[in-house]
Amino acid sequence: MSYSPSQIKHLKVLFAGVCSLILSMGIARFAYTPMLPVMMQQAHLSHEGGGWLAAINYAGYLTGVFIASWVSDAVIKDRLYRWGMVVAVLSTAMMAWTTDFTVWAISRYIAGLTSAAGLMLGSGLVLNWLVRHNHRRELGIHFSGIGFGIALPSAAAIFMAQALAWDTQWWLLAGLGCLLLLPALLWFPAAPNHDEALLNEHPSMQHAPPNTKFMRLFTAAYFCAGFGYVVTATFIVAIVNAIPALADKGGWVFLVIGLVAAPSCLLWDLIARKVGDVNALIMAGAIEVIGIITPTFGWGLAGAMLSAVLYGATAIAIVSLTLTMAGRYYPAQPAKMMGKMTIAYSIAQMVAPAITGWFAGSHESYEVGLYLAAGIMAIGTVLFYLMRKAR
């Protein structure tokens, strides 16, 4: 089968976007989750310290989201994206340099900034390119990079755990990031010079924001989704490993989450075409609630894997559906609307790990944090439902 130059360009752009998310979201950010247990064992990181590092990471992410929502010039966005990819590798390497908590905190904050560069700026630029070149306004394939970004460092951590020290593992993850950096930079599309010109040239690029009530519900629901998402994403490996019968199985559970999450965004794109975006969000939110709370049922490895499947099939898909919807409302400047939505999501991501880490330290269990996350996610699902009548 032969491909036309435009088809090859399309595939390269999608692959570059996927690699950018694997690097910025996976290596720089999500690798911390499977690495958390080994750092607690070998580098003497405490429960509270682990929670604070996660919170600091999300603080950096929130800062990056503010920047992404503030910058309007596409060329500046493109430059920030490209520098973000380079710094993503450097922030990963920083984790191996020392056991000093301050350096780790700086690393996690910078990694949060680069995550925003990949997710907000990169995704917005990809969506803008897709619209300008008359492709579907869907980011399911692009957001599969988040799922692969979970799976890849998880697999690496599993196979490195018994043979290598924690710092060597971080160095190898940084090396893997260097490989991903090449397509993330070389094949990523150049940004348009003037967004206003695009509005005039492409009628389909006209902004079409929803009403105020809808957006208030949408933003509140996405805040709840951020809280529901981040507790499992940050602590699932430590949660599973803390169960005596499941010691050292946490990495496998996180790997399953990633493997399920990778195709889930594309699947939920198809579901949304059939039932509508909002109905798809309602369905995904309800399933995620069950996935979050399943580890508390005492079902052993089967329960942990069921949780991984349900959570993996929905958590990243909700991000994909939400940000794609936000980008469609402002197609010429999708990162601005994506950024505003993600600010609410990021605040929840910053607060939830610290709260969960505190509960884990004081109760010696993550159950309270999971109950809280599931409850807030349930509220978010109700808010998704209320959005149907607000249009």
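Caption draft 1: Region of the structure containing the overall build of the chain. Along its length, the chain carries 15 helices and zero strands. Taking 21 Å as the expected radius of gyration for a compact globule of 391 residues, we find that the chain reaches 20 Å, a close match to that expectation. Contacts in the chain between residues at least 24 apart in sequence constitute 83% of all its contacts with a sequence separation of at least 6. Of the roughly 15100 Å² of accessible surface on the chain, a fraction of 68% belongs to carbon and sulfur atoms. Computing the positive centroid from 21 side-chain charges and the negative centroid from 15, the chain places the two 12 Å apart.

Caption draft 2: Molecular detail of the packing of helix H11 (residues 277-293) against helix H13 (residues 315-329). Relative to each other, H11 and H13 sit at 155°, their axes nearing to 9 Å. As the angle between them shows, H11 and H13 are arranged roughly antiparallel. Judged by the sense of rotation from one axis to the other, the crossing of H11 with H13 is left-handed. Contacts between H11 and H13 involve Asp 277, Val 278, Ala 280, Leu 281, Ala 284, Gly 285 and Glu 288 from the former and Ala 315, Ile 318, Leu 321, Thr 322, Met 325 and Arg 328 from the latter. Looking at side-chain class alone, the contact of H11 with H13 contains eight nonpolar, two polar and three charged residues.

Caption draft 3: Fine view of helix H1 (residues 5-30). The end-to-end C-alpha separation of H1 is 35 Å, in line with the 38 Å expected for 26 residues at 1.5 Å each. In the structure, H1 departs most strongly from a straight axis at Ile 22, where the bend amounts to approximately 25°.

Caption draft 4: Inspection of the packing of aromatic side chains at higher detail. Under the defined criterion, the tally for this structure stands at ten aromatic pairs. Here Phe 30 and Tyr 229 contribute two aromatic rings whose centre-to-centre distance is 6.4 Å and whose plane-to-plane angle is 70°, an arrangement assigned as edge-to-face. Here Phe 30 is found in helix H1, whereas its partner Tyr 229 is found in helix H9 (residues 212-241), with 199 residues between them in sequence. Among the residues examined, Tyr 229 registers a relative accessible area of 3% and is labelled buried. Pairwise contacts between aromatic rings join Phe 30, Tyr 222, Tyr 229, Tyr 311 and Tyr 345 into one cluster. Across the ring face of Tyr 61, the terminal group of Arg 29 is positioned such that the distance to the ring centre comes to 4.3 Å.

Caption draft 5: Examining the state of the cysteines more closely. The final tally for this structure, using the stated rule, is zero disulfides. Counting only cysteine sulfurs, Cys 19 is the nearest neighbor of Cys 265, a cysteine outside any disulfide, at a range of 16 Å. Since its relative accessible area comes to 1%, Cys 265 is described here as buried.

Caption draft 6: The environment of Ile 271, seen in detail. Relative to the helices and strands, Ile 271 resides in helix H10 (residues 250-275). Each residue touching Ile 271, except ones within four places of it in the same chain, is listed here: Gly 276, Ala 280 and Met 283.

Caption draft 7: Just the nonpolar core, in detail. Among the nonpolar cores identified, the biggest contains 126 residues, and Leu 119, Met 120, Trp 170, Phe 214, Phe 218, Tyr 229 and Phe 384 are the most heavily contacted of them. In contact with Tyr 229, not counting residues within four places along its chain, are Phe 30, Glu 288, Tyr 311, Ala 315, Ile 316, Tyr 345 and Gln 349.

Caption draft 8: Main features of unusual backbone geometry. Despite not being glycine, His 44 has its phi angle at roughly 60°, a positive value. By relative accessible area, which is 68% here, His 44 ends up exposed.

Caption draft 9: Highlighting the confidence of the model for the chain. Taken residue by residue, the chain gives an average pLDDT of 86. The fraction at 70 or more is 93%. Under a pLDDT of 50 for its full length, residues 195-200 has, in the predicted model, 13 contacts with residues more than four places off or in other chains.

Caption draft 10: Representation of helix H4 (residues 74-94) in the model. With 21 residues, H4 should cover 30 Å at 1.5 Å per step; its first-to-last C-alpha distance of 30 Å lies within 8% of that length. Buried within H4 we find Ala 74, Lys 77, Asp 78, Tyr 81, Gly 84, Met 85, Ala 88, Val 89, Ser 91, Thr 92, Ala 93 and Met 94. Among the residues of H4, the N-terminal cap falls to Asp 73, whose side-chain oxygen and the backbone nitrogen of Val 75 are separated by 2.9 Å.

Caption draft 11: Up close: a nonpolar patch on the surface. There is a patch of nonpolar side chains on the surface, built from Phe 15, Leu 182, Leu 186 and Trp 187 and spanning about 440 Å² of accessible area. On the secondary structure map, Phe 15 appears in helix H1.

Caption draft 12: Structural detail: the pattern of salt bridges. Applying the stated criterion to the full structure yields one salt bridge. Taking the shortest distance from any N to any O, the salt bridge between Asp 78 and Arg 82 comes out at 2.9 Å. Placement of both Asp 78 and Arg 82 in helix H4 is noted, with a separation of four residues, approximately one turn of the helix. On the basis of relative accessible area, Asp 78 is assigned to the buried category, the value being 11%.

Caption draft 13: Quick look at the packing of H4 against helix H7 (residues 166-186). It is at 7 Å that the axes of H4 and H7 come closest, and there the two elements cross at 165°. Of the possible angle classes, the one that applies to H4 and H7 is roughly antiparallel. As for the relative orientation of H4 and H7, their crossing is left-handed in sense. Facing H4, whose interface residues are Tyr 81, Arg 82, Met 85, Val 86, Val 89, Thr 92 and Ala 93, H7 presents Trp 170, Trp 171, Leu 173, Ala 174, Gly 177, Cys 178, Leu 181, Ala 184 and Leu 185. Looking at the contact of H4 with H7 residue by residue, the class counts come to 13 nonpolar, two polar and one charged.

Caption draft 14: Region of interest: the side chain of Thr 33. Inspection of the secondary structure puts Thr 33 in helix H2 (residues 32-42). Every residue in contact with Thr 33, bar those within four places of it in the chain, is listed here: Ala 233, Thr 234, Ile 236, Val 237 and Phe 254.

Reading the values: rules and limits
- Residues numbered from 1 in each chain as written.
- Predicted model: local features only at pLDDT ≥ 70, side-chain atom pairs only at ≥ 80, totals over all residues.
- Heavy atoms only, no water.
- Helix = DSSP H or I, 4+ residues; strand = E, 2+ residues; numbered from the N terminus.
- Rg over C-alpha atoms; globule rule 2.2 N^0.38 Å.
- Contact = heavy atoms within 4.5 Å.
- Areas by Shrake-Rupley, 256 points an atom, 1.4 Å probe, with all protein chains shown as cover.
- Lys, Arg positive; Asp, Glu negative; His and termini not counted.
- Charge placed at Lys NZ, Arg CZ, Asp CG, Glu CD.
- Axes fitted to C-alpha atoms, helices over the stretch in contact; angles between N-to-C directions.
- Parallel < 35°, antiparallel > 145°, perpendicular 65-115°, else oblique.
- Left-handed = near helix turned anticlockwise from the far one by under 90°.
- Nonpolar A, V, L, I, M, F, W, Y, C, P; charged D, E, K, R; others polar.
- Expected span 1.5 Å × (residues − 1).
- Bend = angle between axes of the 7 residues up to and from the residue.
- Phe/Tyr/Trp six-rings, centres within 6.5 Å; stacked < 30°, edge-to-face > 60°.
- Buried < 20%, exposed > 50% of the residue type's maximum accessible area, 1.4 Å probe, protein only.
- Lys NZ or Arg CZ within 6 Å of the ring centre and 35° of its normal.
- Disulfide = S-S within 2.5 Å.
- Core = buried A, V, L, I, M, F, W, Y, C linked by side-chain atoms within 4.5 Å.
- pLDDT = per-residue confidence, 0-100.
- Polar contact = N/O pair within 3.5 Å; in protein donor to acceptor, adjacent residues only side chain to side chain.
- Patch = residues over 30% accessible without salt bridge, like charges linked within 9 Å, V, L, I, M, F, W, Y side chains within 5 Å.
- Salt bridge = Lys/Arg side-chain N within 4 Å of Asp/Glu carboxyl O.

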